[in-house]
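Descriptive structure summary
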Amino acid sequence: MEKKNILIITTILPYPLNSGGAQAQFNMVNELRKKHNIFMLFTEDQCNTLKNMRALQELWPDVTIIPYRLRWQLRHPVFIYNKAKRALQTYLTPRSQAFLVDKAIRSVCIYYSSHLKNFINSVIEENRIDIVQVEFVPAMRLVYDFPPDVKTIFIQHEIAFVKNKRYLQNFTLTDRQKNAYENSKKEEIRAMNAYDTIVTLTQADKDILISEGVTSDIFVSPAAVNAIEHDYEEWNGRLTFVGSYNHIPNREGMAWVLEQVAPYMAGEVETLDIVGQGWDNVRGPAGLNTRTLGFVDDLHDAIGGTIMIVPILSGSGMRMKILEAAANSVPIVTTTVGVEGLDFEDGDSCLVADTPDAFADAVKRLARDTELRRKIGTRAHEVYEAKYTAKALADVRSKVYA
């Protein structure tokens, strides 16, 4: 295959590997840089720091990493206003419906200034870019200003209008909020149709986009984890959950577990470890020792020998945490949404349950049955090896660049 100059534009710098989105990018680029010339442009903010950029650059000396500096964004009053408003709402009214609905529908990450657009186009011209690949919805509308002679690809990690629809079912929306949702959905579809190619992580997401009127070419290319594989280990009595507090489906799922599922598990499981950033103030119910471990350097140390729960009720895309569990031969209890688009089957390579009592029963079945735990964990590992290793999935992704 001819080596291409590929510019990846992202709002999530893939380092450190503290979120599914970061992992998905890192593992794919880590393989693709062996086949293509990769340039990565990211928007600097409190998470995407220059310190993290330098650490990533040491790992990828053959990738050109380009920051779009925060100070350039701060020149624009609209950007400052939106950031200040969101920060004030987070502090004063963090649980109000108006704020939660607005936060779900309207991301505040970057401002589409003329300076940003000109900066990107200068990078494209100076580096003779063949393909521009945009990652994540907050940056997707940049497509309207790319030069017409470059191929454009959008990586649809998680369909925003699907995630929002599922999440907003928990609220009674005003007419204004309903209109805001519909308008954001229309804009997302319109922007996708401006790309040459859309890459979804699952066939289920591709089917949704086609049914909703996306006419661009759609290519299915799952994300990969690059985990060190481990054989099954006997249960140590703990449950684990992996994910960042900042991601709405993670917060929603954990609230569901702690408030509605945990009472059905009373006396059966004593410890739940939450791995990921932002959970410091989360407390479990009486009888369930809920420990927040934060970011861990070695995920296997945290999840090896546990039962992984993936209680996802909303969102779309694919759950990297399921692949991490499978690579480590950890038995998984999840929901229909959690395993959507992945080739893990209920009763074979995972257990699937969608109500609090059924989810708790699935956990209790694994807690009580040594052979079932071993079977589920081992079969999950076999599925991972057959379909989801980083090299195999990078080979699939490479076809979109041909």
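What comes next concerns the included structure.

The next subject is the overall build of the chain. A count of helical and extended segments in the chain gives 15 helices and 13 strands. The C-alpha atoms of the chain give 21 Å as radius of gyration, which agrees with the globular expectation for 402 residues (21 Å, within 12%). Evaluated residue by residue, the chain yields a buried proportion of 55% over its 402 residues. In the chain, of all internal contacts separated by at least 6 residues, the share reaching a separation of at least 24 is 71%. Roughly 17,900 Å² of accessible area belongs to the chain as shown, and the carbon and sulfur atoms make up 48% of that amount. In the chain, which carries 46 positive and 50 negative side-chain charges, the distance between the mean positions of the two groups comes to 6 Å.

One open sheet holds the 6 strands; their spatial order is 10-9-8-11-12-13, and the pairing between them is parallel. Sheet topology places strand 10 (289-294) and strand 13 (351-352) at the edges, where each strand pairs with a single neighbour. Where strand 8 (residues 238-242) lies against strand 11 (residues 307-310), 2 bridges are found, and the strand directions are parallel. Looking across to strand 11, one finds that L239 is bridged to I307.

Ranked by internal contacts, the top residues of the largest apolar core, which has 57 residues, are L342, F344 and Y388. With 6 residues, helix 12 (residues 320-327) is the single largest residue contributor to this core. Setting aside chain neighbours within four positions, we find L342 in contact with M318, R319, I322, L323 and Y388.

Under the defined criterion, the tally for this structure stands at 10 aromatic pairs. Centroid distance Y245 to W279: 5.1 Å. Interplanar angle 85 degrees. Geometry classified as edge-to-face. Taken as a pair, Y245 in the loop between strand 8 and helix 10 (248-261) and W279 in the loop between strand 9 (271-275) and strand 10 lie far apart in primary sequence, 34 residues in all. What makes Y245 partly exposed here is its relative accessible area of 32%. Site record: aromatic cluster; members linked through ring pairs are Y68, W72 and F119. The cationic tip of R141 hangs over the ring face of Y112; the distance from NZ or CZ to the ring centre is 4.3 Å. For the cation-ring pair, R251 lies above Y245, with the distance from its terminal atom to the ring centre recorded as 5.1 Å.

Bringing the side chain of N164 into the picture now. In this fold, N164 is placed in helix 7 (residues 160-168). Beyond its immediate stretch of four places on either side in the chain, N164 contacts A104, I105 and Y181.

Attention shifts here to the pairing of strand 4 (residues 131-135). Strand 4 sits mainly inside the fold: 5 of its 5 residues count as buried. Both faces of strand 4 are covered, namely the face carrying I131, Q133 and E135 and the face carrying V132 and V134. In this structure, strand 1 (residues 5-10) lies alongside strand 4, joined through 5 bridges in parallel fashion. Paired with I9 across the bridge in strand 4 is V134. Where strand 4 meets strand 5 (residues 151-156), 5 bridges bridge the pair, whose relative direction is parallel.

With that out of the way, let us pick up the sheet that holds strand 7 (residues 217-220). Strand order in the open sheet formed by 7 strands is 3-2-1-4-5-6-7, with parallel pairing between adjacent strands. Two strands in the sheet have a free side with no partner beyond their single neighbour: strand 3 (64-68) and strand 7. Each strand of the sheet is rotated relative to its neighbour by a mean of 20 degrees, with strand direction disregarded. Here strand 5 pairs with strand 6 (residues 197-200) via 4 bridges, running parallel. Looking at the pairing, F154 lines up with I198 of strand 6. Most of the contacts of helix 9 (residues 203-211) go to strand 7, to which it runs at about 165 degrees, and overall it touches strand 5, strand 6 and strand 7.

The rules behind each value
- Residues numbered from 1 in each chain as written.
- Predicted model: local features only at pLDDT ≥ 70, side-chain atom pairs only at ≥ 80, totals over all residues.
- Heavy atoms only, no water.
- Helix = DSSP H or I, 4+ residues; strand = E, 2+ residues; numbered from the N terminus.
- Rg over C-alpha atoms; globule rule 2.2 N^0.38 Å.
- Buried < 20%, exposed > 50% of the residue type's maximum accessible area, 1.4 Å probe, protein only.
- Contact = heavy atoms within 4.5 Å.
- Areas by Shrake-Rupley, 256 points an atom, 1.4 Å probe, with all protein chains shown as cover.
- Lys, Arg positive; Asp, Glu negative; His and termini not counted.
- Charge placed at Lys NZ, Arg CZ, Asp CG, Glu CD.
- Pairing = 2+ DSSP bridges.
- Core = buried A, V, L, I, M, F, W, Y, C linked by side-chain atoms within 4.5 Å.
- Phe/Tyr/Trp six-rings, centres within 6.5 Å; stacked < 30°, edge-to-face > 60°.
- Lys NZ or Arg CZ within 6 Å of the ring centre and 35° of its normal.
- Axes fitted to C-alpha atoms, helices over the stretch in contact; angles between N-to-C directions.

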